[in-house]
Structures are given as C-alpha cells and as structure tokens.
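Okay, here's what each chain looks like letter by letter:
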Amino acid sequence: MIRPVRALVGACSARLRSELAEPGARTSLLVGTVAALVAGSGLRPLTRRWPAAVVGSLLSSTATETPRATALLVGVGAGVALRRGAAGNPAGRVGLAVAAGAVGVLLALDRGARADAANLTEALSAELGPVELPDRGRVLRSILGRSRYATARDIPYGPDPVANLLDVWRDPLLAPDSRAPVLVQIHGGAWSTGSKAADAHPLMAHMVGRGWVCVSVDYRLGPAERWPAQIVDIKRALAWTRAHIADHGGDPARIAITGGSSGAHLAALAALTPGAWQPGFADADTSVAAAVCLYGIYDLTSDDGSGTLDELLAETMMPTALDQDAHPYVAASPSARVHPGAPPFMVLHGTGDAIVVPAQSRAFVARLRAVSRAPVVHAELAHAQHGFDLVPTARTLAAVRAVAAFLEAVVGRGARDDR
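Residues numbered from 1 in each chain as written. Predicted model: local features only at pLDDT ≥ 70, side-chain atom pairs only at ≥ 80, totals over all residues. Heavy atoms only, no water.

Caption draft 1: Structural view of the packing of aromatic side chains. According to the stated counting rule, one finds four aromatic pairs in the structure shown. Plain terms: the ring middles of Tyr295 and Phe388 are 5.6 Å apart, the flat faces sit at 70° to each other, and that makes the pair edge-to-face. A residue pair is termed long-range when its members are at least 10 positions apart, and Tyr295 in the loop between strand S6 (290-294) and helix H11 (309-316) and Phe388 in the loop between strand S8 (376-381) and helix H14 (394-410) qualify at 93 residues. A residue is classified by how much of its surface remains accessible, and Tyr295, at 5% relative accessible area, is buried. Seen in terms of ring centroids, Phe345 and Phe364 are 5.6 Å apart; in terms of plane orientation they differ by 85°. Their pairing is edge-to-face. With Phe345 in strand S7 (residues 345-350) and Phe364 in helix H13 (residues 359-371), this pair connects stretches of sequence that are 19 residues apart. Like Phe345, the residue Phe364 is buried in the burial classification. The rings of Tyr298, Phe345 and Phe364 are connected pair by pair, giving a single aromatic cluster. (Phe/Tyr/Trp six-rings, centres within 6.5 Å; stacked < 30°, edge-to-face > 60°. Helix = DSSP H or I, 4+ residues; strand = E, 2+ residues; numbered from the N terminus. Buried < 20%, exposed > 50% of the residue type's maximum accessible area, 1.4 Å probe, protein only.)

As structure tokens, this is what we get:
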C-alpha cells in the first residue's frame, strides 16, 4: 500500500516540477502571488506592529490609493505570462485566476474610493446643513498649478535658526490688503521626522486657489528635542502668523489649523489649548477658528492596536516612559483637553489605516461631540491608508473638496470665489 502511494506522490511531484519549469507558469504564479498580497493588504493591513506597519502601509497604499494603476500593472504582468504560455499549463492557469481575482478586488477598492465624495458630503451636511463640494476639475487645476504658490520660503518664526522656519503660500495676484482667511499646516512624521516640504500640498494648493493664504510650518523634532518643544513651536508659529500674516494678504482674525498623523495631534492640541505652552510669549493670541485633523493620534495613553504606541512616544519625543510618569502623556492628549469652547473640528480617518487605528478618531470625536458647542464633522474613508492625501488621487481630491467646503462654512470664504 505504501509503495503505490509513494509512487503517486512522486509522479505528482515530478509533474508539478515539470509545470513550474515552464516560464509561463512561473511568471503567472509570481504575478498572482504578488497581486494577491497587494490586494489583500488593501482589504486588511498586513500588520499594525511598529515599525513594520510603515512598510505594510506603503504596500496597502498601492491597492487603496492607486487601485486602477495597480490593477493595470497586474494586467500587464498577466499578459506577459499569457505570451509565455501560461494558459496551456495548469499551474499557469491557477496564477492567472488568482491575478484576475486580485484585479476584481482592486476595482472594488477603486469604486469605494470614488464614493468618498458622497460620504463626505453626507458627513458635512449632517453637521452644517446642505453643503456642495467645490468642482473637481477646479481642484485638480489648482493642484497642478501649486508650484507658483509658495511665494515666501524659510521665514524664521522662533529662536531655532534651523527648525523654526515656515513657508507662506499665496496667489501672487492676491492683493496685499486682501485679508484672506489663513490655513496653518503642521506636517506629520511621528514627531521625529518629516518636513513642511512634503505634506498637504494638494490641500494648500487648492485653498490658495480659492483665495486663502497658507502657512506651512517646520518645528523641532525628537528624539533630540523632547516634549513640549514640538507644541511650543506650533504655538510660536501661530503667534507669528497672527502678528505678520496681514503683510502677506492674510486675515489675522481668521486662522484655521490642519495636520496629518502626528501633525494632526499637534494641530488638535493647539486648537484646544490657546495660551498654554507659551514660554516667553504668554500674552500672544494663539487661538484658531477651526481645526482639520487627518488620521491623528488624540489619546497618548491608549493602546493604538499594536501595543507599541507608548514605546514609540518614549523613543521619539516624550521625556519619560508612560509607566514611569503618565502626566505628560495625559496633558499632551487632545482628548483630555476638550472643552465647551473648542473651535469647529473636522476629523477624517481611513478604516484601513495600518499605523494609527481609526478608533483614535472615533473616541476623540465622541468626546468632542459630548462637550463642545461647535460643529464636529467626522468621516471614515473606506479602506483608506495612512497618508492617503499626500498625492492627488481620486480620494485626495474628494477629501480636499470636503475640507474646503468645511473651512469656508465655518471660517469664511476666500478673497475670491473660485468654486
């Protein structure tokens, strides 16, 4: 009995080796395996453990933020496999079938991303009444013209000559006395990396195209600079903006703030704590009219789904470990700083975020809505990944249009109507 079984197994193994020796089969299985891995990561992050989550997030982003392009690449790979004879080989046909299934998943993710505009409109209307998003074509044109908007670069706003620098974005045609509303942008990067040169360019370009003035801020980073250096710098930048933005055509009475990831944490904290963390400039007005926060961390004492948030914070910027002294973690948590006079908030998060779980935003929004008297707009974007707004994808355009509608509803219109 054993010998026939061994013979059968041997024959099957030999046939499989023979099939895999054919170029078409190998190509097909490779394409199918990679396509399944990418598409699967778009449905569910491969890991939330830091720092592996960063790599997982990048892989997921190819499926969730550029699904059509990724599906096209899979199709090209399948075409190569077909030309090499994959269809005439059982193993090759398996690889082609897996690749086809992955393309189906990618196209479903694309449909979900393109439905975000309707979901965002619904979220805005629920809090602000009927809202119409800006025209998509105008948003894209303003983003493509962004290179001419950063009119003043590396302006010093504080004592650190390297870190305390900001850029002012404005339309060169904007009159100096326009008194346009202002948006201050805080970059992300786990409080220890990142730059004003990289984040939120689609959003800032569109807001400038609508007659706004934008201020993009660099600040001291960990681990060399420990908390509260980061929030002190954001407050200094807000104080500079209120004192000097009129020279650039901005209105010091209409300042909003935005940020993503750790930038969202800093933006939210700044919006909720005017007057705090202002050594040497305690009398400066650092209040803001609204805050827009994307995929942020709002409770520094909570588990982020990976069990490593406290380790990351202690490594990158906090002066102590959480289990040694929780006070600075609580004091630096926007969720612990919510009050009835909080400004209007818009909070966006992707359900597929591999780096910061959307539960952070849900809990923060629930706290805001329970305490604040101002509108709180909240939307979760299906399968969207961390940093989804960095490049002008369909989802980014929808988010930018929604943020523009929110800001103009709660802060005011720009110098001219570019809708």
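Caption draft 2: Representation of the pairing of strand S4 (residues 213-217) in the model. Among the five residues of S4, five are classified as buried, and the element is accordingly described as predominantly covered. Alternating positions in S4 separate into two faces, Val213, Val215 and Val217 on one and Cys214 and Ser216 on the other, with burial throughout. In this sheet, S4 lies alongside strand S2 (residues 165-169) in antiparallel orientation, the contact comprising four bridges. Across the sheet, the residue bridging to Asp167 is Ser216, located in S4. Sheet topology note: the strand S3 (residues 180-186)/S4 ladder contains five bridges and is parallel. Bridge assignment links Ile186 to a residue of S4, and that residue is Val217. For the handedness criterion, the β-α-β arrangement of S3, helix H8 (residues 201-209) and S4 is classed as right-handed. (Pairing = 2+ DSSP bridges. Right-handed = clockwise from strand over helix to strand, strands pointing away.)

Caption draft 3: Broad picture of the packing of helix H4 (residues 67-83) against helix H5 (residues 90-114). It is at 8 Å that the axes of H4 and H5 come closest, and there the two elements cross at 165°. As the angle between them shows, H4 and H5 are arranged roughly antiparallel. By crossing handedness, the relation of H4 to H5 is classed as left-handed. Residue-level contacts link Pro67, Arg68, Thr70, Ala71, Val74, Ala78, Ala81 and Leu82 of H4 to Leu96, Ala99, Val103, Leu106, Leu107, Leu109, Asp110 and Arg114 of H5. (Axes fitted to C-alpha atoms, helices over the stretch in contact; angles between N-to-C directions. Parallel < 35°, antiparallel > 145°, perpendicular 65-115°, else oblique. Left-handed = near helix turned anticlockwise from the far one by under 90°. Contact = heavy atoms within 4.5 Å.)

Caption draft 4: Broad picture of the sheet that holds S2. Taking strand neighbours across the sheet as the criterion, the eight strands line up as S1-S2-S4-S3-S5-S6-S7-S8 in an open arrangement whose pairing is mixed. Each edge of the sheet is formed by a strand with only one pairing partner; in this case those strands are strand S1 (150-156) and S8. Neighbour to neighbour, the strand axes of the sheet diverge by 15° on average, direction disregarded.

Caption draft 5: Here's a closer look at the nonpolar core. With 60 residues, the main nonpolar core has Ile257 and Phe345 as its most contacted residues. Sort the elements by how many residues they give to this core and helix H10 (residues 262-272) lands first, with eight residues. Beyond its immediate chain neighbours, meaning those up to four positions away, Phe345 contacts Ala268, Ala271, Leu272, Ala291, Cys293, Phe364, Leu368, Pro375, Val376, Val377 and Phe406. The next biggest cluster of nonpolar side chains, apart from the first, holds 42 residues, and it includes Tyr149, Val292, Val400 and Ala405. (Core = buried A, V, L, I, M, F, W, Y, C linked by side-chain atoms within 4.5 Å.)

Caption draft 6: View of the side chain of Asp233. Following the sequence through the fold, Asp233 ends up in helix H9 (residues 229-244). A relative accessible area of 0% means that Asp233 is categorised as buried.

Caption draft 7: Region of the structure containing the state of the cysteines. Scanning all chains against the criterion turns up zero disulfides. Here Cys214 is not cross-linked by a disulfide; its sulfur's nearest cysteine counterpart is in Cys293, at 16 Å. Judged by its relative accessible area of 0%, Cys214 is buried. (Disulfide = S-S within 2.5 Å.)

Caption draft 8: Layout of the environment of Ile231. Summarising the element assignment, Ile231 is placed in helix H9. Overall, the relative accessible area of 0% leaves Ile231 in the buried class.

Caption draft 9: Just H14, in detail. Spanning 17 residues, H14 covers 25 Å between terminal C-alpha atoms, matching the ideal 24 Å at 1.5 Å per step. Most of H14 sits inside the fold, with 15 of its 17 residues counted as buried. Gly412 occupies a position one or two residues after H14 and carries a positive phi of about 135°. (Expected span 1.5 Å × (residues − 1).)

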